[in-house]
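# Descriptive analysis of the structure
Each chain, letter by letter, is given below.
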Amino acid sequence: MLVLALDTATPASTAALVEVTADGLFGVAESRTVDPRAHGEKLAPEIAAVLAEAGYRPRDLTAIVAGLGPGPFTGLRVGLATAASMGQALGIPTYGVCSLDGLGRAAGPGRVLVATDARRREVYFATYQDGERLTGPEVAKPADVDVNHATRAVGEGALKYGDIFHVPVEEHLLYPPGAALVALAAEKIRGEARSEALTPLYLRRPDAVEPGTRKPVLA
């Protein structure tokens, strides 16, 4: 089963191909661009690039897995809209997973803090034990984050505020790997479960707000 993984919940846009078999998962190709303002421009070319690199076409896909966040509103919407539209066009199921869970799973054994940049000098965070989530996801100022006895941290938010968290940061693991996202949905993929609605995980309101009532110019 050839699965496409997409994630735009962080400053990076990621597209990856993962082969899911009865015995395990195998990464086929992955492309990532780190630019928080270019998710809309970069994601489609990345999808085309990983398919071309592996010698596949969109019709060869069996399912799509998308990171649901938490993440900033605009970037996150790009990935989920792309996954939903591709799934509908190709007639294949889509599955959503927490983007922080992807980092937590990829971090492996031990107690780990996962933190991504939420802007406004805040982070989205959760803690994990051996890849399983213990707390979160939440959004908070770095100084208010409970590291929950974590012995190390991953995610670009952890790197940015590592001096505040006071735990070693694994700089090689800053963004959710495609294979880890697919692993979280592997049972559903193997069982050919029904497609899921891709509901974004927003932990706060978007920066943009509706304009207020117009005030009269003349008294």
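Here the structure is shown first, and the text comes after it.
What counts, and at which threshold
Residues numbered from 1 in each chain as written. Predicted model: local features only at pLDDT ≥ 70, side-chain atom pairs only at ≥ 80, totals over all residues. Heavy atoms only, no water. Phe/Tyr/Trp six-rings, centres within 6.5 Å; stacked < 30°, edge-to-face > 60°. Helix = DSSP H or I, 4+ residues; strand = E, 2+ residues; numbered from the N terminus. Buried < 20%, exposed > 50% of the residue type's maximum accessible area, 1.4 Å probe, protein only. Pairing = 2+ DSSP bridges. Axes fitted to C-alpha atoms, helices over the stretch in contact; angles between N-to-C directions. Contact = heavy atoms within 4.5 Å.

### Topic: the packing of aromatic side chains
Here a ring pair, both rings aromatic, is described through the centre-centre distance and the interplanar angle of the planes. Applying the stated criterion across every chain, the model contains one aromatic pair. Geometrically, the ring pair formed by F73 and Y202 is tilted, given 5.2 Å between the ring centres and 40° between the ring planes. With F73 in helix α2 (residues 73-90) and Y202 in the segment after α7 (186-190), this residue pair connects regions lying 129 residues apart in the sequence. For Y202, a relative accessible area of 30% translates into the label partly exposed.

### A short note on the sheet that holds strand β1 (residues 2-7)
Strand order in the open sheet formed by five strands is β3-β2-β1-β4-β5, with mixed pairing between adjacent strands. Of all the strands in the sheet, just β3 (25-34) and β5 (94-97) have a single pairing partner and so form its edges. Neighbour-to-neighbour, the strand axes of this sheet turn through a mean angle of 20°, independent of strand direction. As paired strands, β1 and strand β4 (residues 63-67) are joined by four bridges and run parallel to one another. Each bridged residue has a counterpart across the sheet, and for V3 the counterpart in β4 is A63. Contacts between helix α1 (residues 39-54) and the sheet are confined to β1, β2 (12-20) and β3, with β2 contributing the most and set at about 30° to the helix. Lying on the sheet, α2 is in contact with β1, β4 and β5; it crosses β4 at an angle near 165°.

### Examining the environment of L68
Among the structural elements, L68 can be located in the loop between β4 and α2. The spacing of L68 and D7 is 61 residues in sequence and 7.7 Å in space, taken between C-alpha atoms. The contact partners of L68, leaving out residues within four places of it in the chain, are L76, L80, G96, V97, S99, L198, T199, P200 and L201.

### Comments concerning the side chain of H39
With respect to the helices and strands, the residue H39 is situated in helix α1. Beyond its immediate sequence surroundings of up to four residues, H39 is in contact with T8, T10, P11, A12, S13, G75 and V78.

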